[in-house]
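Examination of the molecular architecture
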Amino acid sequence: MSVTLFLLLATLCVSGAKGEDRKDAQTAGHVSVVIVGGTGDLAKKYLWQGFFSLYVDNVGKGNTFSFICGGLSPADGATPVFFEILKGLSCSEDVSQERCALLKDQFMRLSQYQQLKTLEQYQDLDKHIEQELSQEGMTEAGRLFYLSVPAFAYADIAEKINSSCRPKSGAWLRVVLEKPFGHDLRSAQVLTSQLESSLKDEEMFRIDHYLGKQAVAKILPFRMDNRRFLDPIWNKHHIERVEIVVKETLDVKGRIAYYDQYGAIRDMLQNHGTEIMTLLTMRLPKNQSSSEEILQNKLQILSSLQPLGKNQAVVGQYQTYNSEVQQELNKTTDYLSFTPTFAAVLAYVDEARYEGVPILLISGKKLDERVGYARILFKNDVFCVQNHHSVHCKPKQIVFHFGHGSLGYPAILVSKNLFKPVLEDGGWKEVKEQADVSVLGLPLSDYHVLSPAEPREAYSELISHIFAGRKNNFIRAESLLASWGLWTPVLGSLADTFPRVYPGGAENGAVLDVYVKGNELRYYTEVTIINNEATDGAAASGFQVMQGKFRRAEMVSAWAEELVERLAQDMQEAAEAAVRDGGVFHLALSGGSTPLALFHRLSHYHSSFPWRETHIWMVDERCVPLSEPDSNFHTLHEHLLRHLRIPYYNIHPMPVQINQRLCVEEDGGALLYEKEVNKLVNGSSFHFVLLGVGYDGHTASLFPGNKVEVNGKSLVALTESPNKPHQRMSLTFGAINRAHMVALLVMGKGKHETITQLSRVKDQPEKWPVTGVKPVSGRLVWYIDNDALLG
């Protein structure tokens with residue numbers, strides 16, 4: 001390459017460094033840029049465009065360049081692939097087409113492919129750079145190696161660079177490392193130690209591309225520029241909660257080999273989420289350009305975070321993930337991956353300033369929209385008596401909007417009932433013409449909106465910082481290890497937790513909604529949707545409530561959440577009708593785990609249910625003290641009754657313990673319960689009876705082989721279970737079949753075989769007790785979820 005061409009392409013005299021970081025300022029001379037893994041997906045999508053943008057922005061400013069694409073493949077096959085990538089490069093709108101074409105041609109002339117696999121090939125690269133410098137009579141300014149390769153290759157490549165490719169004295173070396181930086185604390189420590197044996201700390205740039213997003217990079221400057229407004233309210237007395245949310249609509253097909261090792265927490269929260277959290281909560285530095293002061297302030301906030309445990313996190317997995325894992329990793333169909341594709345984590349800072357302020361970090365794949373933001377929601381103590389749409393009564397919040405979503409561009413939004421933000425940075429502007437969109441519950445017109453004057457892609461932004469040697473927006477070893485120290489315990493505690501399965505996209509509904517209870521984070525609903533065999537096409541249409549027939553009776557089928565919702569709705573309608581007609585509703589509930597999701601829905605979503613007029617009866621009970629966890633009444637109390645305002649005299653547990661004895665026949669407990677039913681229930685006909693179905697076809701505590709007559713007159717009987725505790729008390733077929741409505745709830749894949757058998761057998765109550773449930777004049781409705789129905 002001629003001296004003339006290099007002079008034509010002279011570039012980059014960086015002048016942005018300030019204060020403490022001035023020692024890293026760019027010096028004049030030749031710079032060699034080497035992207036190792038330069039034909040990979042990341043390089044193709046972002047890195048070459050980032051380096052080309054840097055080149056375009058700085059042509060004629062003092063440095064010369066060469067660009068080398070390094071890879072494992074031989075040059076004859078990889079070179080055409082590399083130049084196809086370069087053909088797709090583009091310029092910003094402010095560069096004319098003619099100038100862009102010239103710059104693109106020049107950039108391609110400065111670029112070449114080299115195989116970088118062995119130590120000898122790295123030695124050849126060093127010789128090539130030295131020979132180029134000598135032939136053109138250029139002084140070397142530095143070498144920039146970008147390692148766009150898997151993390152396990154970092155240590156080996158760093159050692160090769162150190163031993164064979166270091167620039168001569170006076171020139172700088174910068175090595176860029178992509179995440180993940182380890183898998184847990186121990187692996188991060190090992191990797192850090194390996195890298196430090198080859199590279200100095202100032203030579204390593206651990207890149208987190210979220211720190212290059214303009215709204216994220218603006219967090220600290222915004223806090224400092226507006227501190228006269230923020231200082232009085234940036235504390236526990238005014239902040240209600242902090243949210244850091246990154247939602248994506250895509251799945252992880254094609255990336256399973258990587259993703260299944262890491263999952264949502266390692267992929268997003270341990271790095272991006274943690275960094276954003278520290279920027280929002282750290283003590284403001286006196287000198288924004290001091291990377292050392294910023295590091296110390298980050299470490300201080302990381303050390304103040306309360307430990308994260310299993311109760312501070314919930315995880316989920318989109319429903320087709322397992323089949324994708326089986327296909328891409330060549331696993332058998334019975335293989336189950338516990339890797340979460342969704343995670344929500346609750347954090348607290350153990351400092352007086354933020355005491356009790358919940359910080360939510362949330363990220364997931366296959367959600368309803370692609371958007372990322374950090375929101376500080378403030379308490380609002382204003383109550384508008386008449387005009388509820390007044391700006392004073394609307395949410396008070398500051399949103400750092402990373403991009404995408406309904407807004408579509410990076411921005412900082414400050415609700416107008418807070419303050420009008422200061423604009424001290426000429427790189428940002430106030431948006432006056434606002435689109436008719438809503439952001440987090442407020443129309444855009446209710447915000448002061450600040451946006452970058454010139455949108456820049458995150459990698460382009462960070463590449464310019466790397467070139468300048470500015471380390472403020474990069475991960476230092478100390479904060480990396482501190483972050484892993486925070487996250488490793490919770491990752492270990494979740495290792496054997498099967499994630500909640502969700503359908504994906506808009507069909508998720510409320511399945512992934514979470515709520516904070518003290519220091520714990522929980523899913524708002526306890527129901528789950530499980531159907532790993534469903535396809536993407538089925539997911540969009542399969543989450544519907546269907547009606548049909550089963551064993552000549554009515555049947556409602558749906559996925560678990562919709563099924564429980566429908567059953568709760570039907571139960572409330574029956575209750576309201578009974579109260580309307582007779583002033584009272586008699587409800588008999590069965591034990592077991594199947595109705596727990598229903599109990600949760602009734603207690604949390606049906607505040608208008610007429611509980612004061614409802615009498616709750618037991619379908620069956622185990623012969624154990626009612627205070628013990630094995631008791632059906634104890635389960636009913638913990639999951640439903642204690643959440644309701646229901647008169648205690650409307651609750652009717654079965655008298656299984658009389659005279660300090662359990663289910664002794666001569667104590668007459670069954671007869672006592674029957675008398676109570678006859679006394680309070682008109683015609684001994686319950687308005688609504690909820691039953692389940694066991695694997696052996698039993699219902700209530702009516703088991704195969706029990707001597708309970710289907711047409712007998714007794715309403716309550718002592719029975720025997722094949723499982724412990726063996727003794728039970730149960731409503732009989734006589735009581736069940738008098739009911740106005742009987743609901744048979746069957747859920748879970750484990751019940752599929754039972755449902756299949758029941759679809760074929762005739763009425764055989766001795767062998768299949770549930771077939772004896774045949775209301776005389778009432779309705780029988782089977783509520784069967786799709787897992788039980790379809791398998």
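Residues numbered from 1 in each chain as written. Predicted model: local features only at pLDDT ≥ 70, side-chain atom pairs only at ≥ 80, totals over all residues. Heavy atoms only, no water.

Scanning the chain from N- to C-terminus turns up 23 helices and 33 strands. When its C-alpha atoms are laid out on the principal axes, the chain stretches across 110 × 60 × 50 Å. The burial tally for the chain puts 56% of its 791 residues in the buried class. Long-range pairs, those at least 24 residues apart, make up 77% of the contacts in the chain with a sequence separation of at least 6. Total accessible area on the chain stands at roughly 34,100 Å², and carbon and sulfur atoms take up 50% of it. Positive and negative side-chain charges in the chain, numbering 81 and 91 respectively, have mean positions lying 2 Å apart. (Helix = DSSP H or I, 4+ residues; strand = E, 2+ residues; numbered from the N terminus. Buried < 20%, exposed > 50% of the residue type's maximum accessible area, 1.4 Å probe, protein only. Contact = heavy atoms within 4.5 Å. Areas by Shrake-Rupley, 256 points an atom, 1.4 Å probe, with all protein chains shown as cover. Lys, Arg positive; Asp, Glu negative; His and termini not counted. Charge placed at Lys NZ, Arg CZ, Asp CG, Glu CD.)

All right, on to the side chain of threonine 754 then. Checked against the element boundaries, threonine 754 lands in helix α22 (residues 752-758). The contact partners of threonine 754, leaving out residues within four places of it in the chain, are Val693, Gly694 and Tyr695.

Right, let's talk about the domain arrangement of the chain for a bit. What the domain assignment lists for the chain is domain 1 (30-178), domain 2 (211-383 + 473-523) and domain 3 (546-790). The straight-line distance from the C-alpha centre of domain 2 to that of domain 3 is 42 Å. (Domains from an automatic or database assignment.)

Going through the model one piece at a time under the given rule, you end up with three disulfides. Between the sulfur atoms of cysteine 623 and its disulfide partner cysteine 663 the distance amounts to 1.8 Å. As the torsion about the S-S bond is roughly -90°, the cysteine 623-cysteine 663 disulfide counts as left-handed. Of this pair, cysteine 623 sits in the loop between β25 (620-622) and α19 (632-639) while cysteine 663 sits in the loop between β28 (661-662) and α20 (669-680), and the two are 40 residues apart along the sequence. Of the residues examined, cysteine 623 reaches a relative accessible area of 8% and is grouped as buried. Unpaired in this structure, cysteine 69 has its nearest cysteine sulfur neighbour in cysteine 165, at a distance of 15 Å. (Disulfide = S-S within 2.5 Å.)

Okay, unusual backbone geometry next. Proline 180 follows lysine 179 through a cis peptide bond whose omega is 10°. Within the secondary structure, proline 180 sits in the loop between β5 (172-178) and α7 (185-196). Cis rather than trans, the peptide bond between lysine 724 and proline 725 has omega equal to -15°. Among the structural elements, proline 725 can be located in the loop between β30 (716-720) and β31 (727-731). Positive phi, close to 50°, is recorded for leucine 440, a residue that is not glycine. With respect to the element layout, leucine 440 can be found in the loop between β15 (438-439) and β16 (442-443). Positioned with a positive phi, alanine 700 is a non-glycine residue whose angle comes to about 50°. Note on placement: alanine 700 falls in the loop between β29 (688-692) and β30. When its relative accessible area of 8% is taken as the criterion, alanine 700 is described as buried.

Examined against the element boundaries, threonine 341 turns out to sit in the loop between α13 (321-328) and β9 (342-347). According to the relative accessible area criterion, threonine 341 is buried, its value standing at 0%. Of the polar contacts made by the side chain of threonine 341, one reaches the side chain of tyrosine 502; its length is 2.9 Å. Once you skip the residues sitting within four places of it in the chain, threonine 341 turns out to touch Tyr259, Ala264, Gly316, Gln317, Tyr318, Tyr321, Ser363, Gly364, Lys365 and Tyr502. (Polar contact = N/O pair within 3.5 Å; in protein donor to acceptor, adjacent residues only side chain to side chain.)

Moving on, we come to the pairing of strand β8 (residues 313-318). Of all six residues making up β8, six are buried, and the element is well covered by its neighbours. A two-sided burial pattern is seen for β8, the buried positions comprising Ala313, Val315 and Gln317 on one face and Val314, Gly316 and Tyr318 on the other. Two strands pair when backbone bridges link them, and β8 and β9 are joined in this way by four bridges, in the antiparallel orientation. Along β9, the bridge assignment pairs alanine 313 with valine 345. (Pairing = 2+ DSSP bridges.)

This part takes up the UniProt feature "domain: Glucose-6-phosphate dehydrogenase C-terminal" (unreviewed entry) in the chain. Residues given the UniProt feature "domain: Glucose-6-phosphate dehydrogenase C-terminal" (unreviewed entry) here are residues 221-521. Secondary structure over residues 221-521 splits into 28% helix and 24% strand, and the C-alpha atoms at its two ends are 32 Å apart. (UniProt positions renumbered as here; feature names shortened; annotations may be inferred.)

The biggest cluster of nonpolar side chains holds 119 residues, and the ones touching the most others in it are Phe145, Leu147, Ile398, Phe400 and Trp487. When residues in this core are grouped by element, the largest group, 10 residues, is from helix α11 (residues 256-281). When we break this core down by domain, the ones giving at least three residues each are domain 1 (30-178) and domain 2 (211-383 + 473-523). In contact with tryptophan 487, other than residues within four places in its own chain, are Ile265, Leu269, Gln270, Thr274, Leu308, Val345 and Leu361. (Core = buried A, V, L, I, M, F, W, Y, C linked by side-chain atoms within 4.5 Å.)

It is worth spelling out a nonpolar patch on the surface at this point. Among the surface-exposed residues, Leu336, Phe338 and Phe498 lie close enough to one another that they form a single nonpolar patch of about 240 Å² accessible area. One can find phenylalanine 338 in the loop between α13 and β9. Of the residues examined, phenylalanine 338 reaches a relative accessible area of 32% and is grouped as partly exposed. (Patch = residues over 30% accessible without salt bridge, like charges linked within 9 Å, V, L, I, M, F, W, Y side chains within 5 Å. Salt bridge = Lys/Arg side-chain N within 4 Å of Asp/Glu carboxyl O.)

Next up on the list: helix α12 (residues 291-304). End to end, α12 covers 20 Å across 14 residues, agreeing with the expected 20 Å (1.5 Å per residue, within 8%). Of all the residues in α12, the buried ones are Ser291, Ile294, Leu295, Asn297, Lys298, Leu299, Ile301, Leu302 and Ser304. Contact partners of the buried residues in α12: α9 (219-225), α11 and α15 (477-493). (Expected span 1.5 Å × (residues − 1).)

Next up on the list: the sheet that holds strand β11 (residues 371-378). Strands sit in the order β14-β17-β13-β12-β11-β7-β10-β9-β8-β18 across an open sheet of 10 strands; the sheet is mixed. The open sheet has two edge strands, β14 (428-430) and β18 (500-502), and neither has a second partner. The mean inter-strand angle of the sheet, taken between neighbouring strand axes irrespective of direction, is 15°. Judged from the six bridges that link them, strand β7 (residues 239-247) and strand β10 (residues 359-364) form a sheet pairing that is parallel. In the strand pairing of β10, valine 242 is matched with isoleucine 359. Sheet strands touched by α11: β7, β8, β9, β10, β11 and β12 (396-404). Its angle to β10, the strand with the most contacts, is close to 145°. (Axes fitted to C-alpha atoms, helices over the stretch in contact; angles between N-to-C directions.)

We now examine the packing of helix α2 (residues 41-58) against helix α14 (residues 458-468). Their axes nearest at 8 Å, the elements α2 and α14 cross at an angle of 55°. When the axis of α2 is compared with that of α14, the two are oblique. In the packing of α2 onto α14, the handedness of the crossing is right-handed. Counted together, Leu42, Tyr46, Leu47, Gln49, Gly50, Phe51, Ser53 and Leu54 of α2 and Tyr459, Ser460, Ile463, Ser464 and Phe467 of α14 form the full contact between these two elements. Classifying every residue of the contact of α2 with α14 gives eight nonpolar, five polar and no charged. (Parallel < 35°, antiparallel > 145°, perpendicular 65-115°, else oblique. Left-handed = near helix turned anticlockwise from the far one by under 90°. Nonpolar A, V, L, I, M, F, W, Y, C, P; charged D, E, K, R; others polar.)

Considering all chains together, one arrives at 36 salt bridges under this definition. Notably, a salt bridge pairs arginine 661 with aspartate 667, separated by 2.7 Å at the nearest N-O pair. Taken together, the shared-partner salt bridges connect Asp126, Glu130, Glu140, Arg143 and Lys168 into one network.

Moving on, we come to the packing of aromatic side chains. One pass over the structure, following the stated rule, counts 29 aromatic pairs. Centre to centre, the rings of phenylalanine 67 and phenylalanine 107 are 4.5 Å apart; their planes meet at 45°, and the pair counts as tilted. Taken together, the residues phenylalanine 67 in strand β2 (residues 63-71) and phenylalanine 107 in helix α4 (residues 97-109) connect sequence positions 40 residues apart. For the pair phenylalanine 67 and phenylalanine 107, a shared accessibility class is recorded, and that class is buried. Seen from their ring centres, tryptophan 617 and tyrosine 673 are 5.7 Å apart, and the 70° between their planes marks the pair as edge-to-face. Of this pair, tryptophan 617 sits in strand β24 (residues 614-618) while tyrosine 673 sits in helix α20, placing them 56 residues apart in sequence. We classify tryptophan 617 as buried; its relative accessible area is 0%. Tyrosine 673 sits in the buried class, given a relative accessible area of 1%. Among the aromatic residues, ring-to-ring pairing joins Phe52, Tyr55, Phe65, Phe67, Phe107, Trp172 and Phe467 into one connected group. Directly above the ring of tyrosine 335 sits lysine 331, whose terminal nitrogen or CZ lies 4.9 Å from the centroid. Across from the ring centre of tyrosine 695, 5.2 Å away, lies the NZ or CZ of lysine 751, which sits over that ring. (Phe/Tyr/Trp six-rings, centres within 6.5 Å; stacked < 30°, edge-to-face > 60°. Lys NZ or Arg CZ within 6 Å of the ring centre and 35° of its normal.)

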